[in-house]
Amino acid sequence: MTPRRLDNDRSAVAAIHRQQQAEPSLYVHIPFCETKCPYCDFNSYRVAGRDVDGYLSALAREMDQRGVPRNPPTLFLGGGTPTVVEPDTLARYLDDILGRIQPDPTREFTVEANPGSLTREKIAVLKERGVTRLSLGAQSFFDHHLATLGRVHAARDIEEAYAWARDGGIPEVNLDFIYAVPKMTLREWNETLARAVSWAPDHLSCYALTFEPGTEFFTKRRAGRMRSIDEGLELAMFRLTHRRLDHAGYKRYEISNFAPAGYECKHNLGYWRNRPYAGFGAGAVSYLDGERLSNERGLARYATSVGEHGHAVVEREALTTEDAAREMVVLGLRTQHGVDLAEVDARYGISTRALFQQTIDKLVAGDLITDTDRLRLARRGWRLADGISAEFV
Amino acid sequence: MRLSHLRNFCIIAHVDHGKSTLADRLLLATGVVTERDFRNQVLDTMDLERERGITIKASAVQMPVQDLTVNLIDTPGHVDFNYEVSRALHACEGALLLVDCAQGVQAQTVANAYLAVEANLEIIPVLNKIDLPGARPDVVAEELAAVLGIDPVGMLTVSAKTGEGVSEILQAIVDQVPPPEGDPEAPVRALIYDATYDDYRGVIVYVRVLDGELKRGMKIKFLSSGREYDVNEVGAFKPLMQKADRIEAGSVGYVVAALKTLDHVKIGDTIAPAKNETVEMIPGFEDPKPLVFCGIYPSSSQDFDELRKSIEKLQLNDASFTFHPESSEALGFGFRCGFLGLLHMEVIQERLEREAGVEIIQTAPNVTYEVKKTNGDIIMVERPAELPDPAHIDELREPTVRASMITPPESIGPLMTLVNDRRGSFVRQEYLSQTRTILVCDIPLAEMVFDFYDLVKSATRGYGTMDYELTGFVKADLVKLRLLVGGTEVDALSVICHRSIAQRRGREIIRALQKTIPRQMFEIALQTAIGGKIIARESIRALRKNVTAKCYGGDVTRKRKLLEKQKAGKKRMRQVGNVSIPQEAFLSVLGRGEEKKKK
C-alpha cells in the first residue's frame, strides 16, 4: 500500500463510513487466563495475582468515557478466557456491559471459554444474561497434544464442558481445534475431526498451529528445540479438514471456520466484510469511521491511561480509500462468500478493476481464484491464500 | 648537462621481492631523502599499493651519484600492466633485476627480465634479502643464470632491509648502465611512459626526452592524436616535484600542460614540437584495450550518482580502465567496466569501495569475444545479448593467453590437470634449477578470469607464481547458453561458454537458482538451452501451503503489514512472466561466486 496518506482522502474514508451509518459491532477483551499457553500470542496474562477488579473498573470507565455503541449487531467477549473469573465477577461485568446497550434477544452474543475453568454455575450465569453462542477452546482430544500445547485441561474435560453447555441451554456451541501440532499424525487429526462431528456442535474452528514471534514455541523452534510438522503433512491435514467437515455438513465459510448454513459466526463475518467494530479492554482494536485504533496492551498501562485520558488508544491508523478497498478485498477473499468488487467500488468510489485486473487475470489463469459474480478463492487457492492476498495489498 | 653524466635505470622484480625497500635505500644512500623524513616506500603513493605490495603508478626520482645524475624510474609490477612496464623500460638504459633469495625466481621475474632484454637494457642481477635465514643465494644465482643465460658467479647481493650492499649497487649502476644516447640539438622527441592526475594541477605527464629538450612555454603536440598543448611547467622528482627550466635530452621528468583529463594522454605516445612534421613516432605505441569486463552496480539504487562520481574520478587517474553506464533488469543502473586484466580489476574495485564509500555489487568477470560474421565483418562482443543471430556467425573467437608458471617440479602434475581442466594446452617446460620449473601453457582467458590464480596457488601448495600475456583471439566452439525461467529467456542470466562445459555450467546455474529463487505459488521450470535444444532442466516446487490460520479484528493491521512486507520483497524482485526472481538469484549466477573462491 502507498505510504502516502492524504488527509482529505482519509476524511473521505471517514465520510464513507459515516454515511453508511452501520452500527459497529462490540468486542470486549478479558485478558486473563489460568495459564499462558506457549503458542498463544494474544494479549493475555496469567490470572493469579492480577488485579482483576481493577481491570474491570478500568474497562467500565473506558466504556463510559469512549461510549459504547447502543445497538451493536453482535457482541463478542474474547480473551484471554472471559470465563476464568469467579461466577459473581462474571455476572457483574456482564451486567456492566449489557447495561450500556439496548437489549435485543436476537443479537448474536458470543463468549469464549476453556474446558478447564468452565463450570455449570458459570454457564448458568451466561445463559441468564442472554449469551447465544459459546466458543469452547477444545484444541485436541488427545492428552499428549494438549500437554504439548500447554493446556490445563484434559480430553475428558471437553466432553464435560460441552455437555454442561448443552444442558445449560446455550443455543449455539463452537469448538476450537488446533492441528499441525508437532508429532501429530494424520490419523489422530482424522479421529479428532470424526469425534468432533459426532457431537454435532453448531460450529467448528480448526486452526493450523502457527509459530508466532514472541511466543515460547517460536523461540523454541528457532533454537531448534521444536520442529514444525512436515509441510506435506500439514497440507494433508488442511485438506482433510475441509473434506471431512464438508461431508458432515460443516461448510468452510472462512479459511479456518466451518458451520452449517445459518450458523456462521456473524461477529467474525463482520471483520471479513470490513464492517466497523468497537473494541474495549487492554489491546483491543476498533475500526471506526475508516480508522483503526489500538489500545494499550499492558494491564497497568491500560488502567493508568484510561484513568488519565478516559481511553487507552495508543495507535491510530487512518486508511486511504485505496488502502481500505485493498483491505476489503484481502479480507473478503478469506471467505467462501468472496468479495464483490462492484460493492467495493461503490463503497469507496474507486475502480478496483483498474487497480487489479492484471493481478486477477494472472491468478485466474493460475487456478488460484475465480472471477464470476464475485471474486473467490479457487479450490487450489485456499491453501495459498496469503500469497494471493499479497498480490492485492 | 652532457649525456655521459646521465644514467637512467629501473628496478624490476616479482611482487614482494623488495623493490620499494631497495628504492628507498638508494634514495637514502644518495641523500635524496634523509633518515628523518625517510618514510617507508617513498615511491608508492597510494595506500592500496602499499598494502598489496604492488606499485601501480610509475614515477621517477632523480638522485646524484658521484658526479652523475641518476634517474630511478619506477615500473608497475604486475602482468596486467605489461604494456606500461615495457614503456617505462624504454625510458631506461639499465635495469636492476631484483630477486628474493629466499623465494627464488618467480613468474614475474622471468616476464620482466624478458621485457628488459627486449628493450635492450643492461641487466644487473641483484640478489636481495641475503639477511634472511632461508636465503639461498647460490641456488637463486643458478636460476637467474638459467633465465638470462649469464654467468652465475659474482652477482651482486644486497639486504635492502639493512642497507648492506647498497653502495656496490650504486657503483654498478655508474659502471654498467650505459649513458643515454640522443641528439640534444634536434627538435624535441619525448616518450610518454606514464601519466597521473592531480586534483590541483590536472594531468601530470611523465616523459623521457630522447632528443632535444622540453621547456616551459613550448608548444608541443602528441603525435598519436596530433593535439597541441602549451607546456606550463616542467621538472623532476627529487623526490618531490621540483620545477625546472627544461628537461634535457636523455633525462626524465614531468610535464604539466593544460590537460584536464587523462583521456588524451596515451602511454607510449611521442611528444614533438607543434608544427613539426619531421619527428617520428617512437616505435611500440599501442592503445591498450580492456580484456576483462565486469558490471559494477551500487547495492542500493540511490547510491548510483555517488558511484558514478567515484568511477569518473578513478578514471582520471587510470585511462586504461574504461566504463560505460548500463542497466541490468536484474541489478538496476550501473556500469560496465573494462580492465587490462584481473589484478587491474581487483585494484579498481577495492579503490572504488574504499573511495566511493558505497557498497558495490560486482558481476562475474567475462571476456571480449571476437565474432566473424558470415558477411566477413568482425565485431567484438562483451555480452551474450550482443551476439548476432547464430545464422550470421561464421566464427567465434576467444582471447587466449600464454601463461608461464614457475613451480616446484612436483607440482607439475596437479598444474597440468588444472590446465587441462581449463581447456589449456601445454607449450613447453624448462628446468631452472632442481627446485624450480617453468611451465608454459596456452589457456583461454575466459577460463582464467574467475579463480585460476587461486587454483594455481593451491595446486602448487602456495609456491607457484604465474604471469601471462595475451597471444590473440583463437577460434573456439563457443555457444550461448540460454537460461529460461518458466519458459521465458532471461538474458541477464545467459552466458557464453565453451560447448564442452555447457552441460556442467548449465547445471551449476540451475542449481544456484534453485537455491536462491524462493518457492512460489506455481511450479517454476528452470531450463538451460543451446539454441532451441534444452540441455538441462530442473524445477522449483510450488509452495504447498501459505495461509494465516487466524485473522480477526485485532489481527488485520498486523496481517496487512505482513502481506505488505511480502509484497515489498516481491517488488524488489524482477518479474519474469509469473516468476519473481530476487537479486540474490542473479548474484548467485552473475556474482563473484564466493563459494567458488574459497576452494
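Note: the structure precedes this text.
Rules and cut-offs
Residues numbered from 1 in each chain as written. Chains lettered and ligands numbered in written order. Predicted model: local features only at pLDDT ≥ 70, side-chain atom pairs only at ≥ 80, totals over all residues. Heavy atoms only, no water. Buried < 20%, exposed > 50% of the residue type's maximum accessible area, 1.4 Å probe, protein only. Helix = DSSP H or I, 4+ residues; strand = E, 2+ residues; numbered from the N terminus. Pairing = 2+ DSSP bridges. Right-handed = clockwise from strand over helix to strand, strands pointing away. Contact = heavy atoms within 4.5 Å. Buried area = accessible area lost by both parts, 1.4 Å probe. Salt bridge = Lys/Arg side-chain N within 4 Å of Asp/Glu carboxyl O. Arc of directions from axis to C-beta. Polar contact = N/O pair within 3.5 Å; in protein donor to acceptor, adjacent residues only side chain to side chain. Core = buried A, V, L, I, M, F, W, Y, C linked by side-chain atoms within 4.5 Å. Axes fitted to C-alpha atoms, helices over the stretch in contact; angles between N-to-C directions. Parallel < 35°, antiparallel > 145°, perpendicular 65-115°, else oblique. Left-handed = near helix turned anticlockwise from the far one by under 90°.

Draft legend 1. Quick look at the pairing of strand β6 (residues 133-139) of chain A. Residues and elements named next belong to chain A. For β6, the buried fraction is high: seven of the seven residues fall into the buried class. Judged by which residues are buried, β6 turns out to be covered on both faces: R133, S135, G137 and Q139 on one side and L134, L136 and A138 on the other are all buried. As defined by bridge partners, strand β5 (residues 108-113) adjoins β6 across four bridges and the pair is classed as parallel. In the strand pairing of β6, E112 is matched with S135. Read as a crossover between parallel neighbours, the route from β5 over helix α4 (residues 120-128) to β6 is right-handed. Here five bridges tie β6 to strand β7 (residues 172-179), and the two strands are oriented parallel to one another. Bridge pairing in β7 places Q139 opposite F177.

Draft legend 2. Structural detail: the interface of chain B and chain A. Across the contact, 28 residues belong to chain B and 46 residues belong to chain A. Carbon and sulfur atoms make up 54% of the area that chain B and chain A hide from each other, which totals about 3400 Å². The three residues of chain B that bury the most area against chain A are B:M521, B:K545 and B:Y552, which together make up 21% of that side's buried surface. Our enumeration of links across chain B and chain A arrives at eight salt bridges. The salt bridge involving B:R519 is made with A:E231; its shortest N-O contact spans 2.9 Å.

Draft legend 3. Main features of helix α13 (residues 341-348) of chain A. All names here are of chain A. Of all the positions in α13, only L341, V344, D345, R347 and Y348 are classed as buried. Angularly, the buried residues of α13 cover 165 degrees about the axis, an arc narrow enough to put them on a single face. N-capping of α13 is provided by D340, with a side-chain oxygen placed 3.0 Å from the backbone N of A342. At the exit of α13 stands G349, carrying a positive phi of roughly 65 degrees.

Draft legend 4. Quick look at the pairing of β5(A). Burial of β5(A) is extensive: five of the six residues sit out of reach of the surface. Taking the sense of rotation as the criterion, the β-α-β connection linking strand β4 (residues 74-79) of chain A, helix α3 (residues 87-98) of chain A and β5(A) turns out right-handed.

Draft legend 5. Fine view of the nonpolar core. Core analysis: the largest hydrophobic core is formed by 126 residues, its most contacted members being A:L77, A:Y93, A:Y179, A:W189, A:I388 and A:F392. One finds B:F321, B:M405, B:L415 and B:V419 within the second-largest nonpolar core, a separate group that totals 50 residues.

Draft legend 6. Looking closely at the packing of helix α2 (residues 52-66) of chain A against helix α11 (residues 299-309) of chain A. All names here are of chain A. Put simply, α2 and α11 touch, their axes get as near as 9 Å, and they point 40 degrees apart. One element, α2, and the other, α11, form an angle in the oblique class. Taken as a pair, α2 and α11 cross one another with a handedness that is left-handed. Seen from α2, the contacting residues are Y55, A58, L59, R61 and E62; seen from α11, they are L299, Y302, A303, V306 and G307.

Draft legend 7. Molecular detail of unusual backbone geometry. Cis rather than trans, the peptide bond between A:G79 and A:G80 has omega equal to 15 degrees. Inspection of the secondary structure assignment puts A:G80 in the loop between β4 and α3. You will see that A:D289, though not glycine, has its phi angle at about 50 degrees, which is positive. For A:D289, the location among the structural elements is in the loop between β12 (285-288) and β13 (291-295). Residue A:D289 is classed as partly exposed on the basis of its relative accessible area of 36%. Phi is positive for B:Q66, which is not a glycine, with a value near 50 degrees. For B:Q66, the position within the fold is in the loop between β2 (60-65) and β3 (68-73).

Draft legend 8. Broad picture of the environment of B:K129. Residue and element names in this part refer to chain B. Tracing the backbone through its elements, the reader meets K129 in the loop between β5 (122-128) and α5 (137-148). The spatial distance from the C-alpha of K129 to the C-alpha of D100 is 5.8 Å, given a sequence separation of 29 residues. Excluding residues that lie within four positions of it along the chain, K129 makes contacts with D16, H17, G18, D100, C101, A135, V158 and S159.

Treat this as a map of the structure, not an account of what it does.
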